[in-house]
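# Coordinate inspection notes
The chain contents come next:
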Amino acid sequence: MNAQEVQYCRTNDGVNLAWTAVGDGPPVVKAPNWIGHLELDWRNPGFSPICTSIAMKHRLVRFDARLNGLSDWEAETCSFDSFVDDLEAVFDVAGVERAPIVAMSQGCSVAAAFAARRPERVSAIAMIGAFSVGRAKRKSKKDLERAEAMRKMMTAGWDDDFPSMRDLMAQIIIPGASDEERRQTARDMREMISPENMGRYRDVIDYIDIRHLLPSVEVPCLLCHSTGDRMQPVEQGRIFAKGLPNARLITYESKNHLMTRNDPEWPRLERDLTAFLFAHS
């Protein structure tokens, strides 16, 4: 696997996106999820296992979404459509004509929307912890109240010292990681996004609703979901899969939203992802 070199591309609305490519082989593009950081993600117990595994056999293209990581933290627009535009911009600058996408959490909705828009450029999508409807758009009043509470707590308490809202999020996303790994992840989150940008992000993510697009996503989709996922319940993966014309859902007996390497189900997830990406590269 070759060393990582961070590069930048400029979007049509003037935002600088940080992107990189590691590994050799047929390309795989990773859609950005929630928040991230091209450098810090390599020690993140939820991201590192998947990215390392894929980069052993593929050219893995990754980027930090607008408003976080090494990309511009100042952007006029923060919208779901801009997230899809940014994914297309990175396909272009990385010279990827057509490839499978690997996506996690809300990145799955971004990847699906891009596949609906540019079906000729996406060969397949591997999704982990997917949801097609944000909390604020779900039927449950409890989901709506939870979405509003989380947005307020994140905006108000993102910069707090331990214990912080970031520590709570690490506990929800990667409960199977060690205490020190979760503490480090919470510290790294502080370097990924500002409290103000976190509030803007939640205003978009909580209102995602791509159910109308799902019948147009004809590429093969593999949905991987932990049965004990507290960030996005497995039912959300089932709803997503039911709306897609060519999807397969695999569930794993885990509590991790993003699977850690020490999870007993990690070898099975890695095997399933490896086989799927090989078949569609």
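Notes on the structure in this doc start here. This one's a predicted model, so the numbers in the text were calculated from it and none came from an experiment.

## Examining the overall build of the protein
Summing up its helical and strand segments, the protein has nine helices and eight strands in all. Relative to the 2.2 N^0.38 estimate, which gives 19 Å for 281 residues, the radius of gyration of the protein is 17 Å and therefore close to what a compact globule would have. Along the first, second and third principal axes, the C-alpha set of the protein runs to 45 × 35 × 35 Å. A total of 281 residues make up the protein; the buried ones form 58% of that total.

## Section: the pairing of strand β2 (residues 16-22)
Within a regular strand, side chains alternate between the sheet's two faces. Burial analysis of β2 places six of its seven residues in the buried class, the great majority of the element. Pairing between strand β1 (residues 7-10) and β2: four bridges, direction antiparallel. Bridging across to β2, Tyr8 finds its partner in Ala18. As paired elements, β2 and strand β4 (residues 59-63) share four bridges and run antiparallel to each other.

## Regarding the packing of aromatic side chains
Scanning all chains against the criterion turns up two aromatic pairs. Each ring, one from Phe83 and one from Tyr201, has its centre 5.3 Å from the other, and the planes form 45°; the classification is tilted. Placement of the pair is Phe83 in helix α2 (residues 80-93) and Tyr201 in helix α7 (residues 195-205), with a sequence separation of 118 residues. Relative accessible area serves as the criterion here: at 1%, Tyr201 is assigned to the buried category. Taking 4.9 Å as the distance between ring centres and 50° as the angle between the ring planes, the aromatic pair formed by Phe91 and Phe114 counts as tilted. Of this pair, Phe91 sits in helix α2 while Phe114 sits in helix α3 (residues 107-117); the two residues are 23 residues apart in sequence, bridging distant segments of the chain. Phe91 gets classed as buried once you look at its relative accessible area, which sits at 0%. A cation over an aromatic ring shows up here: Lys30 above the ring of Phe47, its NZ or CZ 5.3 Å from the ring centre. Arg183 extends its terminal NZ or CZ atom over the ring of Phe162, reaching a point 3.8 Å from the ring centre.

## Describing the state of the cysteines
Considering all chains together, one arrives at zero disulfides under this definition. Note on Cys224: no disulfide assigned, nearest cysteine sulfur contributed by Cys108 at a separation of 9.2 Å. Residue class for Cys224 comes out buried when judged on its relative accessible area of 3%.

## Describing the pattern of salt bridges
As enumerated under the stated definition, the model contains 20 salt bridges in all. Across the salt bridge formed by Glu88 and Arg117, the nearest N and O atoms sit 3.2 Å from each other. In this pair, Glu88 is assigned in helix α2 and Arg117 in helix α3, connecting sequence segments 29 residues apart. Residue classification places Glu88 among the buried positions, given a relative accessible area of 13%. Residue Arg238 is joined to Glu235 by a salt bridge in which the shortest nitrogen-to-oxygen separation is 3.7 Å. Of this pair, Arg238 and Glu235 are both found in helix α8 (residues 234-243), three residues apart, which corresponds to roughly one turn of the helix. According to the relative accessible area criterion, Arg238 is partly exposed, its value standing at 33%. On the accessibility criterion, Glu235 (36% relative accessible area) is partly exposed. Sharing partners across several salt bridges, the network here consists of Asp85, Glu88, Arg117 and Arg118.

## Notes on the side chain of Arg138
With respect to the helices and strands, the residue Arg138 is situated in the loop between β6 (122-128) and α4 (141-157). Engagement of the side chain of Arg138 in a polar contact is seen with the side chain of Gln232, the distance being 2.6 Å. Leave out the neighbours within four places in its chain, and Arg138 touches Phe131, Val133, Asp143, Gln232 and Gln236.

## Things to note about the pairing of strand β7 (residues 221-226)
The element β7 is extensively covered by neighbouring structure, given that six of its six residues are classed as buried. Here β7 shows no split at all, with Cys221, Leu223 and His225 on one side and Leu222, Cys224 and Ser226 on the other all buried. By the bridge criterion, four bridges tie β6 to β7 in an arrangement that is parallel. Paired with Met127 across the bridge in β7 is Leu223. Taken together, the six bridges between β7 and strand β8 (residues 247-252) define a ladder with parallel strand orientation. If you follow Leu223 over to β8, its bridge partner there is Leu249.

Reading the values: rules and limits
- Residues numbered from 1 in each chain as written.
- Predicted model: local features only at pLDDT ≥ 70, side-chain atom pairs only at ≥ 80, totals over all residues.
- Heavy atoms only, no water.
- Helix = DSSP H or I, 4+ residues; strand = E, 2+ residues; numbered from the N terminus.
- Rg over C-alpha atoms; globule rule 2.2 N^0.38 Å.
- Buried < 20%, exposed > 50% of the residue type's maximum accessible area, 1.4 Å probe, protein only.
- Pairing = 2+ DSSP bridges.
- Phe/Tyr/Trp six-rings, centres within 6.5 Å; stacked < 30°, edge-to-face > 60°.
- Lys NZ or Arg CZ within 6 Å of the ring centre and 35° of its normal.
- Disulfide = S-S within 2.5 Å.
- Salt bridge = Lys/Arg side-chain N within 4 Å of Asp/Glu carboxyl O.
- Polar contact = N/O pair within 3.5 Å; in protein donor to acceptor, adjacent residues only side chain to side chain.
- Contact = heavy atoms within 4.5 Å.

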